[in-house]
Amino acid sequence: MAALQPVRGTHDLLPDTARAHRAVEARAQEVALRFGFDEIVTPIFEFTEVFKRTLGDTSDIVTKEMYTFEDRGGESVTLRPEGTAAIVRAFISNGLAQQVPVKAFYRGPMFRYERPQKGRLRQFHQVGVEILGVEGPAADIEVIACGYRILEALGLGGTVTVELNTLGDLESRAAYRETLVAYLEGRRGELSEDSLARLHRNPLRILDSKDEGDRAVVAEAPVLADSLNETSRTFFARVQEGLAALDIPVAISPRLVRGLDYYTHTAFEFTTTALGAQGTVLAGGRYDGLVKQMGGPPTPGVGWAAGVERLALLLADPPPAPRPLAVVPAGAEAERLALPLTDRLRRAGFAVDLGFSGNMGKRMKRANRINARAAVILGEDEIAAGAATVRDLDSGEQTQVPLDGLEAGLDRFR
RNA sequence: GCGGGUAUAGCUCAGUUGGUUAGAGCGCUUGGUUGUGGUCCAAGAGGUCGUCGGUUCAAAUCCGACUACUCGCCCCA
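Residues numbered from 1 in each chain as written. Chains lettered and ligands numbered in written order. Predicted model: local features only at pLDDT ≥ 70, side-chain atom pairs only at ≥ 80, totals over all residues. Heavy atoms only, no water.

### Quick look at the protein's contact with RNA strand B
Surrounding RNA strand B, one finds 47 residues, the nearest of these being Arg112, Arg120, Arg198, Arg205 and Glu382. A share of 56% of the atoms of RNA strand B within 4 Å of the protein falls on sugar and phosphate groups. Between RNA strand B and Asp381 there is a distance of 2.6 Å, counted from a base oxygen to a backbone nitrogen or oxygen. Asp394 is positioned with one of its backbone polar atoms (N or O) 3.2 Å from a base nitrogen of RNA strand B. Listed by contribution, the elements that provide at least two residues to the surface near RNA strand B are β6 (123-132), α7 (193-201), β10 (280-286), β11 (301-307), α14 (360-369) and α15 (380-385). Per element, the largest residue contribution to the surface near RNA strand B is 6 residues, and it comes from α14. Of the residues in the surface near RNA strand B, the class split is 12 nonpolar, 13 polar and 22 charged. (Near = heavy atom within 4 Å. Polar contact = N/O pair within 3.5 Å; in protein donor to acceptor, adjacent residues only side chain to side chain. Helix = DSSP H or I, 4+ residues; strand = E, 2+ residues; numbered from the N terminus. Nonpolar A, V, L, I, M, F, W, Y, C, P; charged D, E, K, R; others polar.)

### Section: the sheet that holds strand β3 (residues 67-70)
Here 3 strands make up an open sheet; going across it, the order is β2-β4-β3 and the pairing antiparallel. Among the strands making up the open sheet, the edge pair consists of β2 (45-47) and β3. Strand-to-strand twist of the sheet, defined as the mean angle between neighbouring strand axes without regard to direction, takes the value 30°. Bridging between β2 and strand β4 (residues 76-79) involves 3 bridges; their strand directions are antiparallel. (Pairing = 2+ DSSP bridges. Axes fitted to C-alpha atoms, helices over the stretch in contact; angles between N-to-C directions.)

### Here's the deal with the packing of aromatic side chains
Both the distance between ring centres and the angle between the ring planes are used here to describe each pair of aromatic rings. Inspection of every chain in the model, using the stated rule, returns 2 aromatic pairs. When the ring of Tyr67 is compared with that of Tyr113, the centres are 5.6 Å apart and the planes differ by 70°; the resulting orientation is edge-to-face. Of this pair, Tyr67 sits in strand β3 while Tyr113 is found in the loop between β5 (102-111) and β6, placing the two residues 46 residues apart along the sequence. For Tyr67, a relative accessible area of 24% gives the class partly exposed. On the accessibility criterion, Tyr113 (44% relative accessible area) is partly exposed. Measuring from ring centre to ring centre gives 6.1 Å for Phe268 and Phe270, while their planes differ by 55°; the resulting arrangement is tilted. With respect to class, Phe268 is no different from Phe270; both count as buried. (Phe/Tyr/Trp six-rings, centres within 6.5 Å; stacked < 30°, edge-to-face > 60°. Buried < 20%, exposed > 50% of the residue type's maximum accessible area, 1.4 Å probe, protein only.)

Below is the structure:
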């Protein structure tokens, strides 16, 4: 094992896993397209500033998790740790504010220098959607609904809980932050070390703490809902109404907060208990201040990202490998004819394997190993008859089919 | 970044209180079957016991460091 390993926290995806990942991405994109999202592909690295400015200087991602390096021109660049910042940057760079609302779907690798765990890697993959330029709760509803329908399409509707909360608008959030910090200051003696560090950096996170002492303090803490102004209240109510109208079951989690500074109003997480500590499978929220903060025209936004690895781990029945046909020649003459015959079948749309060498027995073995549906056997008898023997490898039944009508004869193995 | 666990064949795992040439199942190769796969039978290949160092007459086994994986914390998809 010591010899040649991939970099810590990165993995090779062998065919079975690769297929599962592709299925997750393809399914997600298919559903997102149905919702009117269109794919945007951004580079996998950006100027470091892009992430620093969006994620906030105090976030964990910026302070300790970024893959940052200087390129040969002396520019500081960073492998993207998440997708939203890049989409927003592209939105500004390309003047997309002119075409609002923009509905973007994205996918691809993300990089975070973290200690790996199950479902947590240094290079991982996300799919995500963002809606830019819509102020009202209709966008929040659409984005959450899209996420939920994707999980349903993956067969995960029942295994995932949709947790929902609101952080309120900027005014409400700031007001709450103040009351919360004041309360926590009063009981700072009871807080865990982690939470003391969070007290000013990111006090909302303390609500989410797993420490017992913290939980006791949090249990009596002022509730965010009480700090919400009228606007925030109605906004949240309308999000809930919309999801109810779509029969999307949600659990209101007053303690659900998001780590990144740019979130306002709606916050949500789709979680599962099947993945240990990494139970969040899809998460996002509204980020009305972000575009402006990055130097663009004030533009509201809402979106989410989902972890492809985590979803792939949950897939109940991973997609099966494709089942090809196998062309099996017997004899030198057949060997010559097999190549153009294989090509002809491939051009007719069949997946066809032609073994590279070996006698008939070996080739039949290979046909079996690659789980071929049928073998198209070509030998002296067949050549003489202008036909091929088609053997159904599941039933063992075989019949001679004239080469003229071969495609039609193979139709049921397509 | 912090704490715990694990590391033996391609895979899943045995390996006694330290004691000769380190095992099994699955998989792989070959043969039984030079025009028929799967099942069955037989044979075979495959291991610096994660790496480096230490203790010992003797280390897969005991000790240390490192690396990777894993579980939890932090954080997050």
